[in-house]
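Below are the chains, spelled out letter by letter.
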Amino acid sequence: MVKLALRNILRNRRRSLLSAFAIAVSAMSIILLLALVEGMEVDMRTNLIAYYTGEIRIRSSQYARYERYHPLHLSLDDEAITTVLERMDEVAETSGRISFPAALYRGDRSRPVLTMGFDFTRETAFSNLASILSEGRLPHDRSNELVMGAVLAKGLDITVGDRVTLLASTAAGSSNAMSFTVVGIVKPPIGSLSSSTLYLSLERAQHLLFMEGRVQELVVRSTGAVSLPALAGEIAALVAEELGIETETQAFSQLNEMYGFLRIAKYIYYVIALIFFLLGSTVIINTTMMVIFERMAEIGMMKALGMDDGKVRLLFLLEGAFISAAGALAGVLVGVLITAVLSRVGIDFTEAMSGIEMEVSSVLYPSITAFTAVAVYLYGVAIATLSTLIPTRRAARIQVVEALHYV
Amino acid sequence: MSRKTLFIITLLLFFSCASLWAITAEEIIAAVDANTSFASSHSSGAIITVDRFGEKKSTFEAWSKGDNTSLIEFTSLAERGQKILRTGSSLYLYYPEADQLIRLQGAALRQSVLGSDLSYEDMTRESSTLASYDATLEGEDVIDGIQCWIVKLVAKSRSSAYPIQTLWVDQERFVVRKGLYATAAGRALKEMEVIALMEVGGVAMAKESRIADLLKRGSSTTMRIESIEIDIPLPDALFSLENLSW
């Protein structure tokens, strides 16, 4: 039966190739689409952990309620909480941070900026700003020094060595300003960070904001031994028990809605894939229909010689399955090949994403896992093969007498 | 002359005299401005802000010369050494740890002073109210047992921070007891009420007043003058940019 099916496929190679091509295009499109979404998800996860929330973020339980007022007085004792976290086996690294809005003045020019107070040594496990330095160096502790995003520096015509003044609201409810020397330029992968953010040492941020020893939040990196939401719950419980402090402790995936959407988007793309494959399968359905009408006499002959309806149906189903398998394989291979190239070169979305506040890098590197590639292949073969069931039912219903009219 | 004609003439005379005695809105506002204008002054006081997060007290010392020149230096711990200099329509902020003076202009003037209900713009208001506003007398009212005139001020310029002001002016002392500051559409922005008065140089002025930014829920600021000297000699250099960092 397999031999017969293969021989029938090769009888009209051009038509078989056309059917396989339709499936291949569908499979390749889906591979590229999923590679882009997976690349985006991986990129967003990396960026969220590095620059925004760590794997787990700890804040005062009241902070979220008043977040729009930037309530810096709702802070945490960095040392006390770090001591508690260091005793937990599942916690690998921690870092205290303060992020606050400020006005940056240089001469008569000013503009609003987001300022991050980082402990650069502890941040090696998170943002690792040294790896994105394009010029200069990181600030030294207890020095009025900062590094700023490349786009921000360019916009204000600032170079390494220039002095700038930062004016911010303090945790005491007053305002304070300090001047800093720009000692480095960084190029964060996210456009909005590059265009509006500057980084100074945590100790200087605490001094500027009257927050000595306090931090706005602590970020945590786990050993990976337990799930992040479960670890977040454990941390909150331990901090409450040992220090009597109620915190809002959550995993990054719980904190970022967009990341959640992106994960859901993957499933939406599987539905889109179904539509793609069904469209591709119409070519197979059409071809099989034509083949059935062309081979009506042959079908009648086989039935007259004793082939039952099931076997006739199986024959055409096998033909569809082989074409689908070949087409899907070619499509998946080409898709994986293109993804491999793009994962090195990247796709530059700088223009398209300018002005969009999203924790996704301006240059995206699509990626695809072996599991996804195999899943798309099997998914494509299954849908296309099942689609051929429609015309094969017609072939099975052909009566011998009716078929012999075509002889 | 009949008795009827005599009555009408008497009545007309009475009303014309009454109109001669009646005070106009412009005269009320001019008197209020005169009461708050000094050749120079030196004062100290406190700004107490109460908001959803609690109470915060900042203390200050202030010097002024003429109508548009003033210097405020904060003396409380959180703001020690910070200064605000007003010269004409310009406002400069000095911070001890900043190299440069920060000149506030445009939208930055709308920022709150030390997180209070006062904005920097409030500190740059013209002392001649009538130069910026048209005044009309709206009626009379009693505030805390004191008879007041209600004067409505409508800004001549569209760029004014408070296009409409309604002031309750003490009829005896010519001091504003209460003020309501609103947008051109009539939406209330701020409310001010005088809690205590003091006598300075023979005129009454607010010793303690409460200001509420009506756009900030649950927030109010009390401004208290602890001491004030007026018409004292002050060097011009005190108000210069060069001397701001002494």
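Residues numbered from 1 in each chain as written. Chains lettered and ligands numbered in written order. Predicted model: local features only at pLDDT ≥ 70, side-chain atom pairs only at ≥ 80, totals over all residues. Heavy atoms only, no water.

Enquirer: Even after reading the chapter, I still don't get the overall build of chain B, so can you show me in this structure?
Expert: Within chain B, the regular secondary structure consists of 4 helices and 13 strands. Taken across its 246 residues, chain B has 43% of its residues classed as buried. In chain B, of all internal contacts separated by at least 6 residues, the share reaching a separation of at least 24 is 43%. Surface exposure of chain B reaches about 12900 Å², of which carbon and sulfur atoms provide 56%. (Helix = DSSP H or I, 4+ residues; strand = E, 2+ residues; numbered from the N terminus. Buried < 20%, exposed > 50% of the residue type's maximum accessible area, 1.4 Å probe, protein only. Contact = heavy atoms within 4.5 Å. Areas by Shrake-Rupley, 256 points an atom, 1.4 Å probe, with all protein chains shown as cover.)

Enquirer: Just to check I follow, could you spell out the interface of chain A and chain B for this structure?
Expert: How big an interface is tends to be stated in terms of the accessible area lost upon association of its parts. In this assembly, 21 residues from chain A lie in contact with 19 residues from chain B. Taking both partners together, chain A and chain B bury about 1700 Å²; carbon and sulfur atoms supply 50% of that area. Applying the counting rule to chain A against chain B returns 1 salt bridge. Of the charged contacts, one joins B:Asp99 and A:Arg163 as a salt bridge, the two residues approaching to 2.7 Å between their closest N and O atoms. Counting every contact that joins chain A to chain B gives 8 residue pairs in polar contact (both at pLDDT 80 or more). Secondary-structure elements contributing two or more residues to the side of chain A that touches chain B are β3 (91–106), β7 (163–169) and β8 (175–186) of chain A. Broken down by element, the side of chain A that touches chain B gets its largest block of residues, 5 residues, from β8(A). Considering only residue class, the side of chain A that touches chain B consists of 9 nonpolar, 9 polar and 3 charged. (Buried area = accessible area lost by both parts, 1.4 Å probe. Salt bridge = Lys/Arg side-chain N within 4 Å of Asp/Glu carboxyl O. Polar contact = N/O pair within 3.5 Å; in protein donor to acceptor, adjacent residues only side chain to side chain. Nonpolar A, V, L, I, M, F, W, Y, C, P; charged D, E, K, R; others polar.)

Enquirer: What should I look at first to understand the domain arrangement of chain A in this one?
Expert: All names here are of chain A. Segmentation of chain A into domains returns domain 1 (2–48 + 258–404) and domain 2 (54–255). The straight-line distance from the C-alpha centre of domain 1 to that of domain 2 is 48 Å. Facing the 10 residues of domain 1 at the interface are 8 residues of domain 2. The tally of links between domain 1 and domain 2 comes to 2 residue pairs in polar contact (both at pLDDT 80 or more). Of the residues forming the side of domain 1 that touches domain 2, the biggest block, 3 residues, is contributed by helix α2 (residues 13–52). A class-by-class count of the residues in the side of domain 1 that touches domain 2 yields 4 nonpolar, 3 polar and 3 charged. (Domains from an automatic or database assignment.)

Enquirer: How should I be thinking about the side chain of B:Lys190 in this particular structure?
Expert: All names here are of chain B. Mapped onto the elements, Lys190 comes out in strand β11 (residues 188–200). Classification of Lys190 as buried rests on a relative accessible area of 7%. At a separation of 2.7 Å, a polar atom in the side chain of Lys190 contacts the side chain of Asp122. Beyond its immediate stretch of four places on either side in the chain, Lys190 contacts Asp117, Leu118, Ser119, Asp122, Tyr162, Gly179, Leu180, Tyr181, Ile211, Ala212, Asp213 and Leu214.

Enquirer: Can you help me understand the pattern of salt bridges in this one?
Expert: As a working rule, side chains carrying opposite charge can pair if their charged atoms are close by. This model, assessed by the stated rule, comprises 20 salt bridges over all chains. We note a salt bridge from A:Glu242 to A:Arg87, for which the minimum N-O separation is 2.3 Å. One end of the pair, A:Glu242, is in helix α7 (residues 228–243); the other, A:Arg87, is in the loop between α3 (78–86) and β3, and 155 residues separate them in sequence. With a closest N to O distance of 3.0 Å, B:Asp170 and B:Arg173 form a salt bridge. A network of salt bridges, in which partner residues are shared, links A:Arg59, A:Glu67 and A:Glu217.

Enquirer: Please clarify how the confidence of the model for chain B should be interpreted in this entry.
Expert: Caution applies to low-pLDDT regions: their predicted coordinates should not be interpreted in detail. With 89% of its residues at a pLDDT of at least 70, chain B reaches an overall mean of 86. Mean pLDDT across the elements of chain B bottoms out in helix α1 (residues 3–21) of chain B (47) and peaks in strand β9 (residues 164–170) of chain B (96). (pLDDT = per-residue confidence, 0-100.)

Enquirer: Is there a simple way to think about the pairing of β3(A) in this case?
Expert: Consecutive residues of a regular strand have side chains that alternate between opposite faces of the sheet. All names here are of chain A. Taking burial as the measure, the 16 residues of β3 include 12 buried ones, the bulk of the element. In terms of strand pairing, β3 meets strand β11 (residues 217–222) through 6 bridges, oriented antiparallel. Paired with Gly96 across the strands is Leu218, a residue of β11. As judged from the 10 bridges shared by β3 and strand β4 (residues 109–118), these two strands associate in the antiparallel manner. From the neighbouring strand, Ala102 faces β4, where its bridge partner is Val113. The antiparallel hairpin formed by β3 and β4 contains 2 residues in its connecting segment, where Gly107 sits at a positive phi of about 65 degrees. In this structure, β3 lies alongside β7, joined through 3 bridges in antiparallel fashion. What sits directly across from Leu104, in β7, is Leu166. (Pairing = 2+ DSSP bridges.)

Enquirer: In this structure, what is going on with the packing of helix α10 (residues 296–304) of chain A against helix α11 (residues 309–345) of chain A? I would like to understand it.
Expert: The geometry of a pair of packed helices is captured by two quantities: the angle between their axes and the separation between those axes. All names here are of chain A. One way to put it is that α10 packs onto α11 with a least axis distance of 10 Å and a crossing angle of 140 degrees. Looking at the two axes, α10 sits oblique to α11. The two elements α10 and α11 cross, and the hand of that crossing is right-handed. Residues Ile299, Met302 and Lys303 of α10 form the contact with α11, whose own contacting residues are Asp309, Val312, Leu315 and Phe316. When the residues that make up the contact of α10 with α11 are grouped by side-chain class, the tally is 5 nonpolar, no polar and 2 charged. (Axes fitted to C-alpha atoms, helices over the stretch in contact; angles between N-to-C directions. Parallel < 35°, antiparallel > 145°, perpendicular 65-115°, else oblique. Left-handed = near helix turned anticlockwise from the far one by under 90°.)

Enquirer: Looking at this structure, how should I read the nonpolar core?
Expert: Taken as a class, soluble globular proteins show a tendency for nonpolar side chains to be buried jointly. Among the nonpolar cores identified, the biggest contains 54 residues, and A:Met148 and A:Ile235 are the most heavily contacted of them. Formed by 26 residues, the second largest nonpolar core is a distinct cluster that contains A:Leu167, B:Ala98, B:Leu104 and B:Leu114. (Core = buried A, V, L, I, M, F, W, Y, C linked by side-chain atoms within 4.5 Å.)

Enquirer: It is not clear to me how helix α1 (residues 2–11) of chain A should be interpreted in this structure. Could you clarify?
Expert: An α-helical segment advances 3.6 residues per turn. Residues three or four places apart therefore align on the same side. All names here are of chain A. Turning to α1, its buried residues number three or more, namely Leu4, Ala5, Asn8 and Ile9. Along the long axis of α1, the arc covered by the buried residues comes to 140 degrees, so they all point the same way. In α1, the exposed residues that point more than 90 degrees away from the buried face are Lys3, Arg7 and Leu10. (Arc of directions from axis to C-beta.)

Enquirer: Teacher, can you tell me more about the packing of aromatic side chains here?
Expert: For any pair of aromatic rings, geometry is given as the distance between the ring centres together with the angle between the planes. On inspection of all chains with the given rule, the structure shows 5 aromatic pairs over all chains. Here A:Phe118 and A:Tyr199 contribute two aromatic rings whose centre-to-centre distance is 5.3 Å and whose plane-to-plane angle is 50 degrees, an arrangement assigned as tilted. Taken together, the positions of A:Phe118 in strand β4 and A:Tyr199 in strand β9 (residues 197–201) put the pair 81 residues apart, joining distant regions of the chain. In this pair, the class of A:Phe118 matches that of A:Tyr199, namely buried. A centroid spacing of 5.4 Å and a plane angle of 50 degrees characterise the contact between B:Tyr162 and B:Tyr181, whose relative ring orientation is tilted. Here B:Tyr162, found in the loop between β8 (146–155) and β9, pairs with B:Tyr181, found in strand β10 (residues 176–182); they are 19 residues apart in sequence, far enough to count as distant. (Phe/Tyr/Trp six-rings, centres within 6.5 Å; stacked < 30°, edge-to-face > 60°.)

Enquirer: So what exactly am I meant to see when it comes to the side chain of A:Asp78 here?
Expert: Along the polypeptide, A:Asp78 turns up in helix α3. Every residue in contact with A:Asp78, bar those within four places of it in the chain, is listed here: A:Gly96, A:Arg122, A:Leu202, A:Gly213, A:Val215 and A:Leu218.

Enquirer: Just to check I follow, could you spell out the packing of α2(A) against α11(A) for this structure?
Expert: All names here are of chain A. The geometry of α2 relative to α11 is characterised by a closest axis approach of 7 Å and an angle of 35 degrees between their N-to-C directions. Crossing geometry of α2 relative to α11 is assigned as right-handed. Across from Ser16, Ser19, Ala20, Ile23, Ala24, Ala27, Met28, Ile31, Leu32 and Ala35 in α2, the residues of α11 making contact are Ile323, Ser324, Gly327, Ala328, Ala330, Gly331, Val332, Val334, Gly335, Val336, Ile338 and Thr339.

Enquirer: Help me understand the environment of B:His42 in this model?
Expert: Residue and element names in this part refer to chain B. Relative to the elements of secondary structure, His42 occurs in strand β1 (residues 40–51). Considering only alpha carbons, one finds His42 and Ala206, 164 residues apart in sequence, at a separation of 15 Å. Apart from the residues within four sequence positions on either side, His42 is in contact with Glu61, Ala62, Trp63, Ser227, Ile228, Glu229 and Ile232. In this structure the side chain of His42 is engaged in a polar contact, spanning 2.7 Å, whose partner is the side chain of Glu61.

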